[in-house]
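Now for the letters of each chain:
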Amino acid sequence: MSARLLLVEDNELNRDMLSRRLRRAGFETLIAEDGEKALARITEERPDLVLLDMNLPLVDGWTVCQRVKSDSAVADIPIIALTAHAMAADRDKALAAGCDDYATKPIDFPALLDKINALISP
Amino acid sequence: MSLRRRLTLSLFTILVLFAINVGTHFWGSYARSESMVAYRQAVSAGQLSGELGKQLEDQRQKILVLSTLRENTDDRLGDGDRASALEGIRATRGTLEALGGMVSDVTALQYQRLQESSNRLLQSWEGFYERYNDDAWQGDIDDPIPYLETSQRLKELEQRQAFIAVQRANIIDRTIALTDRITVLGFIASIFLTATLGFFLVRYTNDNLKRLKRGTQRLGEGDLDFRISDINDDGELGDLANAFNRMSDKLRRAIDEEKEAKQSADEANAAKSRFLANVSHELRTPLNAIIGYSEMLHDELDDDEPVDRGQFQTDLDKIVLSGRQLLALIDDILDLSKIETGKMQLAMEHFKPGEVLTMTVDALAPVLRRNGNTLRCDDFSGLPEIYNDAVKFRQIMVNLLSNAAKFTDNGLIEVKAQQDEASGDLIVEVSDSGIGMTEDQQAQVFEVFVQADDSTSHLYGGSGLGLAICRDFCELMGGSISVASTPGEGSRFSVRLPVAPASVPADA
């Protein structure tokens, strides 16, 4: 049974590209365009892992991450932060917010797959 | 009063007191010696008077004896005896004359009287001796009146001389007492003045130096606002205190300026860092799509499955679109960088803004009519020719029109242009009935990497550089740009450009 991922990404092209590549890599991929939808899908569908863009409209990635990690029902779901911010401080900020890992855009896809697999197969 | 003036004045006063003392001493010496001379003279004159009195008395005795002898014995006087008697009278005259040599103004009257009566007496005595051996000699010499008168006169002179001697002695005493008193007073005054001067000088100098010391300490401890107050001295120490205060002011200003400079440098640095971080972010977003789609297409070609040519083409278009976005972004960043470093130059030419506007609107018409928007345009044929940078004018219009299209759904986009009657400037307005902005958003909308809302860029895309470039271009071209907007109702951007710039840049 393939793992279910939730991809949260507001940029249409990046969402389209990344979701297709993840499906090609064998993952069942759910999609959310903003923070509100992401929170709804996480609680409703309990994906195995969340790929979370941090710069989101309405509710940003940091808030999404904090809410997930403070909700005991879903706190165990691993989150990988995706951002175009490449500074070390951004990485620390994401990890401090509760993200389990961090990937910088442009995404190194094979490295991202390694990170996903490391987090979903205990 | 200044320290130097106080010192000078005090020293001068001491010198004057000293001079008075010395002058008093010399005057006292002079007065004493003068009185002493007069005193000695008076004493000598007294001695001489006594001698004269004695001579007169001896001779009278002698004459009385001779007179008695002549009456009773009829003896004659020898020539030798007579000559010696006359010689005695001459000596007495000499004594009288010597006494005359010692006469002063105050004894002149007494002496004159003495001289008159003495001369008469001596004359009668001479006559006595000359007629002594005459047969017809009569003892007329018994008359005692002339002698008593002369004795009386001599006594008066002696009394007068004694009185003067006592007077002189008194004067000497008084002079000595006076000079002593003046000397002692001057000495005491000098000591008192010196002590007072020293005391005040020390206290005054101490006070001022203490205040300076306190100020220096406070300043040294970092209290830059400390100033020496109550400077009640217009001399050197006051100057020093004022100089200290001026130095403190300058120090305070210099440190403030330094702080400000550092702060603005820090702010500029922080702004640069933010700008770089934003640029990095903006470049990575399209790059992510380009690399991601390329890798994906590559993978698809490697698969054994048949390629969906339609999908493949669409994906390639997305790569191209992202590439163009990236290029536009890089161009914008380069433009801003050029403007910021002052290297952006204007390519001045005469052109018709109406034509540029028409072409731009036509080119962007598909974008402007997207999302159910209506496009309305003025007739631009009546606009005047202007002398400016046509390429930048076009770029401003493209940015404003793209913006209007981006933020408007099922609304109206309107482009108006006219020549301002009062100033002759060209005014172009781009209005939309889009989402609009609050006043705070309007205030920042022309800043770099600022979009009305942090979430705006996610909903509507765009780098946040377009309006900053529009503002910089307008200012570079001698014009201005402004915005009027109401949230939910739309925005209106107005560009104002001169028909010919007042000051044409050097490279034009």
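Shown above is the structure to which this text applies.
Rules behind the numbers
- Residues numbered from 1 in each chain as written.
- Chains lettered and ligands numbered in written order.
- Predicted model: local features only at pLDDT ≥ 70, side-chain atom pairs only at ≥ 80, totals over all residues.
- Heavy atoms only, no water.
- Contact = heavy atoms within 4.5 Å.
- Buried area = accessible area lost by both parts, 1.4 Å probe.
- Salt bridge = Lys/Arg side-chain N within 4 Å of Asp/Glu carboxyl O.
- Polar contact = N/O pair within 3.5 Å; in protein donor to acceptor, adjacent residues only side chain to side chain.
- Nonpolar A, V, L, I, M, F, W, Y, C, P; charged D, E, K, R; others polar.
- Pairing = 2+ DSSP bridges.
- Helix = DSSP H or I, 4+ residues; strand = E, 2+ residues; numbered from the N terminus.
- Right-handed = clockwise from strand over helix to strand, strands pointing away.
- Patch = residues over 30% accessible without salt bridge, like charges linked within 9 Å, V, L, I, M, F, W, Y side chains within 5 Å.
- Areas by Shrake-Rupley, 256 points an atom, 1.4 Å probe, with all protein chains shown as cover.
- Core = buried A, V, L, I, M, F, W, Y, C linked by side-chain atoms within 4.5 Å.
- Buried < 20%, exposed > 50% of the residue type's maximum accessible area, 1.4 Å probe, protein only.

J.: Residue-level account of the interface of chain A and chain B, with values.
T.: Contacts between the two partners involve 22 residues from chain A, matched on the other side by 23 residues from chain B. Where chain A abuts chain B, roughly 2,100 Å² becomes buried across the two surfaces, and 57% of that area is made up of carbon and sulfur atoms. Taken together, the links from chain A to chain B amount to 6 salt bridges. Between arginine 21 of chain A and aspartate 299 of chain B there is a salt bridge; the shortest N-O distance is 3.7 Å. Counting every contact that joins chain A to chain B gives 10 residue pairs in polar contact (both at pLDDT 80 or more). Of the residues that constitute the side of chain A that touches chain B, the class distribution is 11 nonpolar, 5 polar and 6 charged.

J.: Residues and numbers for the pairing of strand E2 (residues 28-32) of chain A, please.
T.: Residue and element names in this part refer to chain A. For strand E1 (residues 4-8) and E2, the ladder comprises 5 bridges, and the chain directions are parallel. Its bridge partner being in E2, arginine 4 is matched across the sheet by glutamate 28. The β-α-β motif built from E1, the intervening helix H1 (residues 12-24) and the parallel element E2 has right-handed crossover chirality.

J.: So what's going on with a nonpolar patch on the surface? Which residues, and what values?
T.: Where nonpolar side chains cluster on the molecular surface, the patch consists of Leu15, Phe18, Val22 and Phe26 of chain B and spans about 430 Å² of accessible area. Secondary-structure assignment places leucine 15 of chain B in helix H1 (residues 3-73).

J.: Got a sec to walk through the nonpolar core? Specific residues and values, please.
T.: Judged by nonpolar contacts, the single largest core of 50 residues is most densely connected at Leu357, Leu368, Phe393, Ile396, Leu400 and Val495 of chain B. Ignoring anything within four residues of it in the chain, the contact list for valine 495 of chain B reads Ile396, Met397, Leu400, Leu426, Ile427, Val428, Cys474, Ser480 and Ile481 of chain B. Residues Leu13, Leu112, Leu113 and Ile116 of chain A belong to the second largest nonpolar core, which totals 26 residues.

Note that every value here comes from positions in space, so none of it alone points to a role or purpose.
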